[in-house]
Amino acid sequence: MNLSPSAIENLQTLVLGLAFAGLLASAFEWATARRASFGLLSGGGLVALASLPILAFGAPFIILRNTVRGRRIEGRPMPFVMLATILACGWSLVSGRVVLDLAHLVSGA
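About the criteria used
Residues numbered from 1 in each chain as written. Predicted model: local features only at pLDDT ≥ 70, side-chain atom pairs only at ≥ 80, totals over all residues. Heavy atoms only, no water. Helix = DSSP H or I, 4+ residues; strand = E, 2+ residues; numbered from the N terminus. Buried < 20%, exposed > 50% of the residue type's maximum accessible area, 1.4 Å probe, protein only. Areas by Shrake-Rupley, 256 points an atom, 1.4 Å probe, with all protein chains shown as cover. Lys, Arg positive; Asp, Glu negative; His and termini not counted. Charge placed at Lys NZ, Arg CZ, Asp CG, Glu CD. Patch = residues over 30% accessible without salt bridge, like charges linked within 9 Å, V, L, I, M, F, W, Y side chains within 5 Å. Salt bridge = Lys/Arg side-chain N within 4 Å of Asp/Glu carboxyl O. UniProt positions renumbered as here; feature names shortened; annotations may be inferred. Contact = heavy atoms within 4.5 Å. Axes fitted to C-alpha atoms, helices over the stretch in contact; angles between N-to-C directions. Parallel < 35°, antiparallel > 145°, perpendicular 65-115°, else oblique. Nonpolar A, V, L, I, M, F, W, Y, C, P; charged D, E, K, R; others polar.

**Here's the deal with the overall build of the protein**
(1) Moving on: Looking only at helices and strands, one finds three helices and zero strands in the protein.
(2) Moving on: When the helices and strands of the protein are listed from N to C terminus, the series reads α-α-α.
(3) Moving on: The principal-axis extent of the C-alpha atoms belonging to the protein is close to 45 × 40 × 20 Å.
(4) Moving on: A total of 109 residues make up the protein; the buried ones form 25% of that total.
(5) Moving on: By element, 72% of the accessible surface of the protein is carried by carbon and sulfur atoms, the whole surface being about 7,200 Å².
(6) Moving on: Positive and negative charge centroids in the protein, built from 8 and 4 side chains respectively, lie 11 Å apart.

**Observations regarding unusual backbone geometry**
(1) Moving on: The backbone of Ala 33 shows a phi angle near 60°, a positive value even though the residue is not glycine.
(2) Moving on: For Ala 33, a relative accessible area of 73% gives the class exposed.

**Observations regarding a nonpolar patch on the surface**
(1) Moving on: A surface patch of nonpolar side chains, amounting to about 690 Å² of accessible area, comprises Phe 38, Leu 41, Leu 46, Leu 49, Leu 52, Leu 87 and Trp 91.
(2) Moving on: For the nonpolar patch, the secondary-structure elements that each account for two or more residues are helix H2 (45-74) and helix H3 (78-107).
(3) Moving on: The dominant element in the nonpolar patch, judged by the number of residues it contributes, is H2, at three residues.
(4) Moving on: Within the element layout of this structure, Leu 49 appears in helix H2.

**Focus: the UniProt feature "transmembrane region" (unreviewed entry) in the protein**
(1) Moving on: In this numbering, the UniProt entry assigns the feature "transmembrane region" (unreviewed entry) to residues 45-68 and 80-100.
(2) Moving on: The annotated region residues 80-100 carries 100% helix and 0% strand content, and the separation between its end C-alpha atoms amounts to 30 Å.

**Let's talk about the environment of Phe 20**
(1) Moving on: On the secondary structure map, Phe 20 appears in helix H1 (residues 5-32).
(2) Moving on: In the structure, Phe 20 is positioned 54 residues away from Glu 74 in sequence and 28 Å away in space, judged by C-alpha atoms.
(3) Moving on: Ignoring anything within four residues of it in the chain, the contact list for Phe 20 reads Phe 57 and Val 99.

**Focus: the packing of H1 against H2**
Two packed helices can be described by the angle between their axes and the distance between those axes.
(1) Moving on: Two numbers describe how H1 lies on H2: the axes approach to 7 Å, and their chain directions differ by 105°. When the axis of H1 is compared with that of H2, the two are roughly perpendicular. Between H1 and H2, the contacting residues are Leu 18, Phe 20, Ala 21, Gly 22, Leu 24, Ala 25 and Phe 28 on the first element and Pro 53, Ile 54, Phe 57, Gly 58, Pro 60, Phe 61 and Leu 64 on the second.
(2) Moving on: Classifying every residue of the contact of H1 with H2 by side-chain character gives 12 nonpolar, two polar and no charged.

Now the structure itself:
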């Protein structure tokens, strides 16, 4: 089985997006001693505004973390887990593409 170059590039973009999301969410947790979550937006004001980039790029990790915990603790149904995983991977693909494009822009390549 051979993969086309575009399929390999999409796979790399997906993995980069997931890795960057995990790095960002973990760095946020390390720096603030609280978990990154979508609840940061509910506070409003400057905190919500400052958390937008973190949530925009860290969302795939947050979605997957919450999905796995929900499956284990609450016993959420498997179709819900599959749908959440598809959503997180799609979001990761888009955010990974943005990160990759920004890296190319910064490096001048």
